[in-house]
Amino acid sequence: MSKRIIILGGGVIGLSIAFEAVRRGHQATVLEQDVCGGQASGAAAGMLAPFSENGEGPDDFFRLCLASLRLYPRWQQAVKDASGLDFEYSASGSLNVAYHASDRLALAARAAWQEAYGRQPELVEGAALRELEPALSPRVEAALYHPEESHIYAPDYVRALEQACRLHGVRIVERIGSVRPGTVEADCASAIDGNGIVYEGDELVIASGAWTGGLEAQLGLRIPIYPIRGQICAYELPDPGAIRHMVFGSQGYVVPKAGGTLVCGASEDVAGFDTTVTERGIGRLLAWNHRLYPFLEPLRPFHRWAGLRPATQDGYPLLGRLLELPRVLMAAGHYRNGILLSPVTAQATLDLIEGREPTTALARFAPERFTSRMSGTASMREAVTP
């Protein structure tokens, strides 16, 4: 049975949910306070790297990220086919580098648990490492190689998602200022934009990224999502093929893109909703990246930018239905993994809307996990009723 789904937020998560919704025969409306993909989504480096970015152990978040990585080959092709637009998707593999013996021990410990989850990571050194990545600094002693990790060109991916949504009937309403939940009843839900216009549907999905925390009063929940400013820069490489893989060091990462550009990130700080690029922030990147690749030291970035990443108190996203408002779902707080998690979030959200059990466990990401159970359904329902 087709449902009317209202989605607050036109970033990569909101657009992915809308795309999956229309693919399954539902109606979707995306409400965006500014323009689609204007914050973390369009500013991301586009890394699809669950092994590299989750080094502590195989927890539920790692499994969620890995499941999404493995959806990507078909997902990105579906977006290309539906939009008629192409974008870079590269199965480049990744290297996590070690400069010292202690670094190597840490990488070996990571490899020990990760080898059970797919293509076996390999600790490479000497001639084997130089064959994989010839331009690496001689100070790099070894690296953990993950052949399965990939990356995508985020701005073009988000643009294609938006186009796919528009071409397949998603209603996208942009530049509407603030947008908040409206009345939520047993069989319907609505949202209200900054002009007082009401949008009615059967289900309401909160995918507002770094702005989701501002809905605490309306939803009657504690939503500890905070904006973290991520600053990134890009180089034009003298030799377009000089860097072959995503490379992670202790202070950041570099990602080679098609056309001979190199993305270097990320310098993070707490600056509220300020997306100003600072000399100090970019300077942090310039101070270390030539330790990976000495030829970068005399070069200067041709592009510098920043985006707001929605970080949660415990580092995990908020995914799932609200227990006391069952017509409302949340898909927010993805921090620096929004691009990676977009397909699995979309599929899990639509599974919940259709009354199916998602294939990936979501209990660890319950959106009400920070909220006291002292609030009752009646008071919460009042909070979202204008």
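Cut-offs and rules
Residues numbered from 1 in each chain as written. Predicted model: local features only at pLDDT ≥ 70, side-chain atom pairs only at ≥ 80, totals over all residues. Heavy atoms only, no water. Helix = DSSP H or I, 4+ residues; strand = E, 2+ residues; numbered from the N terminus. Buried < 20%, exposed > 50% of the residue type's maximum accessible area, 1.4 Å probe, protein only. Core = buried A, V, L, I, M, F, W, Y, C linked by side-chain atoms within 4.5 Å. Contact = heavy atoms within 4.5 Å.

Undergrad: Looking at this structure, I do not really get unusual backbone geometry. What am I missing?
TA: Excluding glycine, most residues fall at negative phi; most peptide bonds, likewise, are trans. Cis geometry is found at the peptide bond from Gly-265 to Ala-266, where omega equals -15°. Counting through the fold element by element, Ala-266 comes out in strand E17 (residues 261-269). Non-glycine residue Arg-175 carries a positive phi angle of around 55°. Following the sequence through the fold, Arg-175 ends up in the loop between strand E9 (171-173) and strand E10 (179-184). Its relative accessible area of 61% is what places Arg-175 among the exposed residues.

Undergrad: What exactly am I supposed to notice about the nonpolar core here?
TA: Considering soluble globular proteins, one finds that nonpolar side chains tend to be buried as a cluster. Grouped together as the largest cluster of nonpolar side chains are 54 residues, with contacts concentrated most on Ile-7, Phe-19, Tyr-157 and Ile-339. Secondary structure elements with two or more residues in this core: strand E1 (4-8), helix H1 (12-23), strand E2 (27-31), helix H4 (60-83), helix H7 (154-167), strand E20 (328-332) and helix H10 (338-353). With eleven residues, the single largest contributor to this core is H4. If near-sequence neighbours (up to four positions away) are discounted, Ile-339 is found in contact with Val-12, Ser-41, Ala-44, Gly-46, Leu-48, Tyr-72, Ile-152, Ala-154, Tyr-157 and Val-158. Judged by nonpolar contacts, the second largest core, of 26 residues, contains Ala-143, Cys-233, Ile-243 and Tyr-293.

Undergrad: Looking at this structure, I do not really get the environment of Asp-202. What am I missing?
TA: Tracing the chain through its elements places Asp-202 in the loop between strand E12 (198-201) and strand E13 (203-206). Linking Asp-202 and Tyr-99, residues 103 residues apart in sequence, is a C-alpha distance of 55 Å. When residues no more than four places from it in sequence are discounted, the contact partners of Asp-202 are Lys-3, Arg-4, Asp-187, Cys-188, Ala-189 and Arg-327.

So, to be careful, I would describe these as geometric facts and stop short of saying anything about function.
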